[in-house]
Amino acid sequence: MITPAYVIDEKLLTRNLEILAEVQRSTGAKILLAQKCFSAFYFYPLIKKYLAGTAASGLYEARLAAEYFGGENHVYAPAYKAEEISELARICDHVIFNSFAQVEKFARHVKSAGLRINPEHSTQKVAIYDPCAENSRLGVRVDEFKSARRDLLEKLDGLHFHTLCEQNSDALEETVDAVEKNFGAYLHQMKWLNLGGGHHITRKDYDVERLKKIIRRLQKTYGVEIYLEPGEAVALDAGFLVARVLEIQPARNGVQNAILDASAACHMPDILEMPYRSEIVGAEKVGALKFNYRFGGATCLAGDVIGEYSFSQPLHEGDEIIFRDMAIYTMVKNNTFNGAKLPAIYAKKLSGELELIKNFGYEDFRSRLS
């Protein structure tokens, strides 16, 4: 196998899709693939068998969906460029705006206009992922709604909120309560309500029955069509990043560094941004087993550290290291800092066979720059 490499397991991906499809069937809600999290379009023919469509964050994702997915095509952005709105209006079923000023400028051009609201209710502690943080630029607050012109409100077909991040349905229930308190009066005038993403529906401990109850209550109370647009839930735990040990350094102050051909900064940036610790197949937390290593990438960034792990056997140059849950976000956020090679992409077929989908080279690095 070429390393580094992302490996997407179609069996695990299908398991997630079957769970999401069951939620659709039992509630009538529509679930969209959030492409900002996972946009490996090789897998779109499989995903579109189960989901209603896609959610985009701008023109290029919307075009990708139109060309390779089909189904419903929704887009939201904090602001749109005037020169792009005509194409978005042509290919997107819903265009969701972030302000009444954007509604006034562009709503007349689109098939179905929506507006992102800010429930002003935080359910998480990671500030970088909290759209309800003080002074957030994301979503219209209730005081702005109350002062909005009636003609602008009449241009809206639906409302959208997105406040969760890797959370269970109890956080959604809290948020929906806040939405109803602040915006319930306006929901009666809408055709649809989009609950955004961040729903970890395919996680083992996720309370799917509570999610269904929330959906049904909103449908019954307001007569709206319900959308959800999870990204992580689609490919959660369905992908791996395979790396190789390049060198094991002598221990320094009791820490043994191992340099990999995968990089936190380049290939799994959320480890540094979130931050979080990725799990490795066959490894435990540092100190749990006999042989301990700190993994780092082969870049010049001193902080390009993936984490510390322990193994039952010593590692050697050339050994493969397999990181879990590496399909979501990490693939779309990777970069070529230091001229690092982008990981190859493989599909693990239902038969168990590995199929190489894409191998990146120098031309891919060069074409990003000039």
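Scroll up to find the structure.
Each value, and the rule that gives it
- In every chain, residue numbers begin from 1 and rise along the written sequence.
- Residue-level local features of this predicted model are given only where pLDDT is at least 70; pairs of side-chain atoms are given and counted only at 80 or more, and the full residue set underlies all totals for whole chains, interfaces and linings.
- Only heavy atoms go into the side-chain values, all of them from the structure, while hydrogens and water stay out.
- Helix axes are fitted only over the stretch in contact, all axes being lines through C-alpha atoms; the angle between N-to-C directions runs from 0 to 180 degrees.
- Secondary structure elements are taken from DSSP: a helix is a run of H or I of four residues or more, a strand is a run of E of two residues or more, and numbering for both begins at the N terminus.
- For classification purposes, angles smaller than 35 degrees are called roughly parallel, those larger than 145 roughly antiparallel, those between 65 and 115 roughly perpendicular, and all remaining angles oblique.
- In this scheme, a crossing is called left-handed if the near helix is turned counterclockwise away from the far one by less than a right angle; it is called right-handed if the turn is clockwise.
- Throughout, a contact is declared for two residues whenever any of their heavy atoms are within 4.5 Å.
- Residue classes follow a fixed rule: Ala, Val, Leu, Ile, Met, Phe, Trp, Tyr, Cys and Pro count as nonpolar, while Asp, Glu, Lys and Arg count as charged, and any other residue, Gly among them, counts as polar.
- Multiplying 1.5 Å by the residue count of a helix minus one yields the expected span of that helix.
- Per-residue accessibility, obtained with a 1.4 Å probe over protein chains only, is compared with the maximum for each type, and a residue is labelled buried under 20%, exposed over 50%, and partly exposed between these values.
- Between N or O atoms, a polar contact is any pair within 3.5 Å; within protein, one atom must be a potential hydrogen donor and the other a potential acceptor, and residues adjacent in sequence are included only when both atoms are from side chains.
- Residues are said to line a cavity or pocket when one of their atoms sits within 4 Å of a point; the points come from a 1 Å grid over protein atoms alone, cavities being sets where a 1.4 Å probe fits but cannot get out and pockets being open sets with protein on both sides within 12 Å along at least five of seven lines.
- Grid points are joined across faces, edges and corners, and a volume is the space filled by probe spheres set on the points.
- Take the buried residues of types Ala, Val, Leu, Ile, Met, Phe, Trp, Tyr and Cys, join any two whose side-chain atoms come within 4.5 Å, and each joined set is a nonpolar core.

Peer 1: Quick rundown of the packing of helix H3 (residues 59-68) against helix H4 (residues 82-91)? Include the residues and the values.
Peer 2: Relative to each other, H3 and H4 sit at 30°, their axes nearing to 10 Å. Taken together, the axes of H3 and H4 are roughly parallel relative to one another. H3 and H4 meet at a crossing whose hand is left-handed. Here Leu-59, Ala-62, Arg-63 and Ala-66 of H3 lie close against H4, whose contacting residues are Glu-84, Glu-87, Leu-88 and Ile-91. When the residues that make up the contact of H3 with H4 are grouped by side-chain class, the tally is five nonpolar, no polar and three charged.

Peer 1: A description of helix H1 (residues 10-27) should follow, citing residues and the corresponding values.
Peer 2: For H1, spanning 18 residues, the distance from its first C-alpha to its last is 26 Å, which sits close to the expected 26 Å at 1.5 Å a residue. Every buried residue belonging to H1 is among Glu-10, Leu-13, Thr-14, Asn-16, Leu-17, Leu-20, Ala-21, Val-23, Gln-24 and Thr-27, and all of these are buried. Those residues of H1 that are buried lie in contact with strand E1 (5-9), strand E2 (30-34), helix H2 (44-47), helix H9 (208-222), helix H10 (232-235) and strand E16 (344-348). The N-cap of H1, judged by a side-chain oxygen 2.9 Å from the amide nitrogen of Lys-11 a few residues on, is Asp-9.

Peer 1: Please give an account of the layout of surface pockets that cites residues and values.
Peer 2: Counted as a void, the second largest pocket has a volume near 650 Å³. Every residue lining the second largest pocket is counted, 21 residues in all, and those nearest its centre are Ser-39, Ala-40, Phe-41, Met-331 and Phe-360. Of all the elements in the fold, those that place two or more residues in the lining of the second largest pocket are H3, helix H13 (330-333) and strand E17 (354-358). Ranked by residues supplied to the lining of the second largest pocket, first place goes to H3 with four residues. Counted by class, the lining of the second largest pocket contains 15 nonpolar, three polar and three charged residues.

Peer 1: Lay out the nonpolar core with the relevant residues and their values.
Peer 2: Counting residues in each nonpolar core, the largest one holds 104 residues, and the members touching the most others are Phe-38, Ile-47, Phe-97, Phe-145, Phe-295 and Phe-323. For this core, the leading source of residues is helix H8 (residues 169-187), giving seven residues. One finds Tyr-76, Ile-96, Leu-138 and Tyr-227 within the second-largest nonpolar core, a separate group that totals seven residues.

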